[in-house]
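# Coordinate inspection notes
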Amino acid sequence: SFRGGFWRYTFERLIAINLVYTNRANNSNCSLLHVESDVLLLPNFPFSRLKNLSHIHWLPVNSDKDAASLMYFPNARLTGDFVNDLHNYLETTNEVNDMRALRFLRLNFPSKYRLLPTFNSNFPKLCNLIS
């Protein structure tokens with residue numbers, strides 16, 4: 001009941017990403033970048049470096065939660081696996097928070113899900129120490 005179903009909608013948008021491949025993508029091997037509407041991507045965003053990533057990636061929040069604010073999906077097959085893992089998680093928990101679900105998936109399936117690289121060697125004090 002939080003904010004008129006807010007957490008339900010956050011899960012639904014993650015599941016809907018798989019529909020992009022089935023309804024829109026011309027090639028199941030194309031990659032997708034999910035960007036939330038409140039995220040600003042500057043002109044120097046390293047889009048070309050994403051092509052080197054072979055797993056689904058997202059960002060951390062803290063020791064309990066990860067964020068879907070920026071998510072990279074390398075292909076349709078891995079995106080389908082992600083949606084299946086998300087469904088399985090939802091069937092086995094009363095947790096209704098996509099941020100905790102992402103953290104759970106990343107910790108329990110480290111061969112599938114990773115954090116986006118966030119370190120910039122020009123700013124060593126800003127190094128993201130979460131691995």
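Residues numbered from 1 in each chain as written. Predicted model: local features only at pLDDT ≥ 70, side-chain atom pairs only at ≥ 80, totals over all residues. Heavy atoms only, no water.

### Quick look at the side chain of His 57
So the rule is basically this: Secondary structure counts use DSSP, requiring at least four H or I residues in a row for a helix and at least two E residues in a row for a strand, with both numbered from the N terminus. Burial classification: accessible surface area is computed with a 1.4 Å probe over protein chains only, and a residue below 20% of its type maximum counts as buried, one above 50% as exposed, and the rest as partly exposed. Polar contact is defined as a pair of N or O atoms within 3.5 Å, subject to the rule that within protein one atom must be able to donate a hydrogen and the other to accept it, and that residues adjacent in sequence are counted only when both atoms are side-chain atoms. Whether two residues are in contact is decided by their heavy atoms: any pair within 4.5 Å suffices.
Within the element layout of this structure, His 57 appears in strand E2 (residues 56-60). The exposure class of His 57 is buried, given its relative accessible area of 5%. Reaching out from His 57, the side chain makes a polar contact with the backbone oxygen of His 55 at a distance of 2.8 Å. Beyond its immediate chain neighbours, meaning those up to four positions away, His 57 contacts Leu 70, Met 71, Tyr 72, Arg 114, Leu 115, Leu 116 and Pro 117.

### Notes on the sheet that holds strand E1 (residues 32-35)
Defined as follows: Two strands are said to pair when DSSP picks up at least two bridges between them. Every axis in this analysis is a line fitted to C-alpha atoms, fitted for helices over the stretch in contact. Angles between the N-to-C directions lie between 0 and 180 degrees.
Reading across from one edge, E1-E3-E2-E4 is the order of the four strands in this open sheet, with mixed pairing throughout. At either margin of the open sheet sits one strand with a lone partner, and together these are E1 and strand E4 (113-115). Between one strand axis and the next, the sheet turns by 30° as a mean value, whatever way the strands run. Both E1 and strand E3 (residues 66-73) contribute to a ladder of four bridges, which runs antiparallel. Bridge pairing in E3 places Val 35 opposite Leu 70.

### Considerations on the packing of aromatic side chains
Under the convention used in this document: Paired rings are identified among Phe, Tyr and Trp, the last through its six-membered ring, by centres lying within 6.5 Å, and are further divided according to the angle between planes into stacked (under 30 degrees), edge-to-face (over 60) and tilted (the rest).
Evaluated as defined, the whole model comprises seven aromatic pairs. Relative to Phe 104, the ring of Tyr 89 has its centre 4.9 Å away and its plane inclined at 40°; by these criteria the two rings are tilted. Remark: Phe 104 occurs in helix H4 (residues 98-108) and Tyr 89 occurs in helix H3 (residues 76-92); sequence separation between them is 15 residues. On the basis of relative accessible area, Tyr 89 is assigned to the buried category, the value being 7%. Taken together, the ring pairs connect Trp 58, Phe 73, Phe 82, Phe 109 and Tyr 113 into an aromatic cluster.

### Re the pattern of salt bridges
This is how it is decided: Salt bridge criterion: a side-chain nitrogen from Lys or Arg within 4 Å of a carboxyl oxygen from Asp or Glu.
Throughout the structure, instances matching the rule amount to five salt bridges. As a salt-bridge pair, Glu 36 and Arg 13 come within 2.7 Å of each other at their nearest N and O atoms. Residue Glu 36 is located in the loop between E1 and helix H2 (47-50), and its partner Arg 13 is located in helix H1 (residues 6-23); the two are separated by 23 residues in the primary sequence. Between Asp 85 and Lys 112 there is a salt bridge; the shortest N-O distance is 2.8 Å. Here Asp 85, found in helix H3, pairs with Lys 112, found in the loop between H4 and E4; they are 27 residues apart in sequence, far enough to count as distant.

### Here's the deal with H4
Within H4, the full set of buried residues consists of Asp 98, Ala 101, Leu 102, Arg 103, Leu 105 and Arg 106. Measuring from the side-chain oxygen of the N-cap residue of H4 to the backbone nitrogen of Met 99 gives 2.7 Å; that N-cap residue is Asn 97.

### Considering H3
Heads up, the rule is: A helix's residues, less one, multiplied by 1.5 Å, set its expected span.
Spanning 17 residues, H3 covers 25 Å between terminal C-alpha atoms, matching the ideal 24 Å at 1.5 Å per step. Those residues of H3 lying buried are Ala 76, Leu 78, Thr 79, Gly 80, Phe 82, Val 83, Asp 85, Leu 86 and Tyr 89. Its side-chain oxygen at 3.2 Å from the backbone nitrogen of Arg 77, Asn 75 defines the N-terminal cap of H3.

### Topic: the confidence of the model for the chain
Basically, it comes down to this: Residue-level confidence of the predictor, termed pLDDT, takes values from 0 up to 100.
In this model, the chain carries an average pLDDT of 83, and 79% of its residues clear a pLDDT of 70 or more. The secondary structure element of the chain with the lowest average pLDDT is H1, at 78, and the one with the highest is E4, at 96.

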